[in-house]
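# Coordinate inspection notes
Below, each chain spelled out in residue letters.
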Amino acid sequence: MKHYIRREAFTLIELLVVMGIIALLAAITLPVVNGVKRRGLVASETSAARQVMVAYAAYAADNDGALLPGYGDFPAQDDAGKELHSPVSSRYPWRLAPYLSYDLRILYGKTGDARLVKDRQLEPEAYAYAVSVSPSFGLNTVFVGGDYKTLNPDNPRATKAYGSFCVRRLSETAHSSRLIVFASAGYESNGAKVPGYFKVEAPTGTGRRWPKKYDASEGAAAYGHVDFRFEDRALAAMLDGHIELLDFTQMDDMRRWSSQAAEADEPTWVLGQPSDS
């Protein structure tokens, strides 16, 4: 006589309970995993920003305290020793690269290794151009180092109208601990967000540039290419070398962008105009 073992199937209710438990566990663990990932990205980019600032200080030490020019016609070479020309050499990455021993992962914020690998597959000229355009950190070109294309600090008309608006030597400001040199940057290319751009622009120049309120749906270009990619905050590297995570309200303070604004203690300071403009 054969004996059959009766196998009990899961009931619909039991299946729903199991699925509910799985969904609950996923809901609990996913934010934790994402939080760990975000913290890892912040830590990686913070480390890269510190190394960028060490290189930036090394450039100044080699040049008798003169800061790296922000944007202009200056000589540069790529990592193969080839001479580069404007606009590639005008942007800071290849001019700072020798002080990073040409470890371009640092300029890409380390977390951008995949971007760097992709860019390396381009033709040499296209590769050099890509590196010059989209480092993870944008430079505060107008107010630190000098943007010789946008507002030339050597132009007598500019200095007559705006005074000494640009810090070009370490000794020219007493506000190095709050003066932004680099910030997390970004732009859009063919509808895709790129986590990097070579310069960042302050909330005001001769007038207001940024929207008065932050809207996460807006692209980084609306905020002077500052990319608030870390839970609505951006990394900022100060002239004294330390790194901060700043939100929109903190970044919207001109005392962090301009030594003149810091001296006037005017957060809404406007270049060449009264502080209440």
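I will try to describe carefully the structure that is included in this document.

### Overview of the overall build of the chain
- In terms of helices and strands, the chain carries eight helices and eight strands.
- Counting all 277 residues of the chain, 44% fall into the buried class.
- Roughly 14900 Å² of accessible area belongs to the chain as shown, and the carbon and sulfur atoms make up 55% of that amount.

### Quick word on the side chain of aspartate 253
- Topologically, aspartate 253 is positioned in the loop between α7 (248–251) and α8 (259–264).
- Ignoring anything within four residues of it in the chain, the contact list for aspartate 253 reads Arg178 and Pro267.

### Describing helix α4 (residues 113–120)
- Within α4, the full set of buried residues consists of Arg115, Leu116 and Asp119. End-on, the buried residues of α4 take up no more than an arc of 100°, which puts them together on one face. In α4, the exposed positions that point more than 90 degrees away from the buried face belong to Ala114 and Lys118.
- For α4, the secondary structure elements touched by its buried residues are α3 (104–107), α5 (124–133) and β6 (192–194).

### Quick notes on unusual backbone geometry
- Cis geometry marks the peptide bond from serine 86 to proline 87; its omega dihedral reads 10°.
- Structurally, proline 87 can be placed in the loop between β2 (83–84) and α2 (93–96).
- For aspartate 64, which is not a glycine, the phi torsion comes out positive at approximately 55°.
- Looking at the element boundaries, aspartate 64 is found in the loop between α1 (12–62) and β1 (76–77).
- Relative accessible area serves as the criterion here: at 64%, aspartate 64 is assigned to the exposed category.

### So, α5
- Along α5, the residues classified as buried are Tyr127, Ala128, Ala130, Val131, Ser132 and Val133.
- Buried positions along α5 lie against β2, α2, α3, α4 and β5 (187–189).

### Here's the deal with the sheet that holds strand β8 (residues 243–247)
- The four strands lie next to each other as β3-β4-β7-β8, forming an open sheet whose pairing is antiparallel. Sheet topology places β3 (137–139) and β8 at the edges, where each strand pairs with a single neighbour. Between one strand and the next, the sheet's axes are offset by a mean angle of 35°, whatever the strand orientation.
- Examined bridge by bridge, strand β4 (residues 180–184) and strand β7 (residues 233–238) share three bridges and lie antiparallel to one another. By the bridge assignment for β7, isoleucine 180 is matched with methionine 238.

### A few points about the pattern of salt bridges
- Enumeration over the complete set of coordinates arrives at 14 salt bridges.
- Across the pair aspartate 73 and lysine 149 runs a salt bridge whose closest N-O atoms are separated by 3.2 Å. On the criterion of sequence distance, the pair formed by aspartate 73 in the loop between α1 and β1 and lysine 149 in the loop between β3 and α6 (156–162) is long-range, its members being 76 residues apart.
- With a relative accessible area of 53%, aspartate 73 lands in the exposed category.
- For lysine 149, a relative accessible area of 46% gives the class partly exposed.
- Residue aspartate 227 is joined to arginine 229 by a salt bridge in which the shortest nitrogen-to-oxygen separation is 2.9 Å.
- What makes aspartate 227 buried here is its relative accessible area of 18%.
- Residues joined in a network through salt bridges with shared partners are Arg178, Asp253, Arg255 and Asp265.

### Regarding a nonpolar patch on the surface
- Side chains of Ile13, Val17, Ile21 and Leu25 sit close together on the surface and give an oily, nonpolar patch of about 400 Å² of accessible area.
- Considering the arrangement of structural elements, one finds isoleucine 13 in helix α1.
- A relative accessible area of 63% places isoleucine 13 in the exposed class.

### Focus on the packing of aromatic side chains
- Across all of its chains, the model carries 21 aromatic pairs by this definition.
- Plain terms: the ring middles of phenylalanine 74 and tyrosine 148 are 5.4 Å apart, the flat faces sit at 80° to each other, and that makes the pair edge-to-face. Of this pair, phenylalanine 74 sits in the loop between α1 and β1 while tyrosine 148 is found in the loop between β3 and α6, placing the two residues 74 residues apart along the sequence.
- The partly exposed category is assigned to phenylalanine 74, whose relative accessible area is 24%.
- The partly exposed category is assigned to tyrosine 148, whose relative accessible area is 22%.
- Summarising the aromatic geometry, the rings of tyrosine 187 and tyrosine 197 are spaced 5.1 Å apart at their centres and angled 50° between planes, so their arrangement reads as tilted. One end of the pair, tyrosine 187, is in strand β5; the other, tyrosine 197, is in the loop between β6 and β7, and 10 residues separate them in sequence.
- Judged by its relative accessible area of 22%, tyrosine 187 falls in the partly exposed class.
- When its relative accessible area of 16% is taken as the criterion, tyrosine 197 is described as buried.
- A connected cluster of aromatic rings, assembled from ring pairs, spans Trp210, Tyr214, Tyr223, Phe228, Phe248 and Trp257.
- Over the ring of phenylalanine 198 we find arginine 91, and its NZ or CZ is 5.0 Å from the ring centre.

Here is what the cut-offs are and how they apply
- The residue numbering used here restarts from 1 in each chain and proceeds along that chain's sequence as written.
- The predicted nature of this model means local features are confined to residues of pLDDT at least 70 and side-chain atom pairs, given and counted, to a pLDDT of 80 or more, with totals for whole chains, interfaces and linings taken over all residues.
- With hydrogens and water excluded, all non-hydrogen atoms of the structure serve as input to the side-chain values.
- Only runs of H or I of at least four residues qualify as helices and only runs of E of at least two qualify as strands under DSSP, and these elements are numbered from the N terminus.
- Exposed residues in this analysis have more than 50% of their type's maximum accessible area, buried residues have under 20%, and partly exposed residues fall in between, with area computed by a 1.4 Å probe over protein chains only.
- Shrake-Rupley sampling with a 1.4 Å probe provides the accessible areas, and residues are treated as covered by the protein chains on show and by no other component.
- Contact definition: two residues touch when any of their heavy atoms are within 4.5 Å.
- Directions are taken from the helix axis to each C-beta atom, and the arc is the one they span.
- Think of it this way: DSSP has to see at least two bridges between two strands before they count as a pair.
- Between the N-to-C directions of two axes lies an angle of 0 to 180 degrees, each axis being a line fitted to C-alpha atoms and, for a helix, fitted only over the stretch in contact.
- Salt bridge, as used here, is a side-chain nitrogen of Lys or Arg placed within 4 Å of a carboxyl oxygen of Asp or Glu.
- Residues enter patches when they are more than 30% accessible in relative terms and free of salt bridges; like-charged ones are connected within 9 Å and nonpolar ones (Val, Leu, Ile, Met, Phe, Trp, Tyr) within 5 Å.
- Side-chain rings of Phe, Tyr and Trp, where Trp is taken by its six-membered ring, are said to pair if the distance between their centres is within 6.5 Å; with planes under 30 degrees apart they count as stacked, over 60 as edge-to-face, and otherwise as tilted.
- Charge-over-ring placement is defined geometrically: NZ (Lys) or CZ (Arg) within 6 Å of the ring centre, and within 35 degrees of the ring normal.

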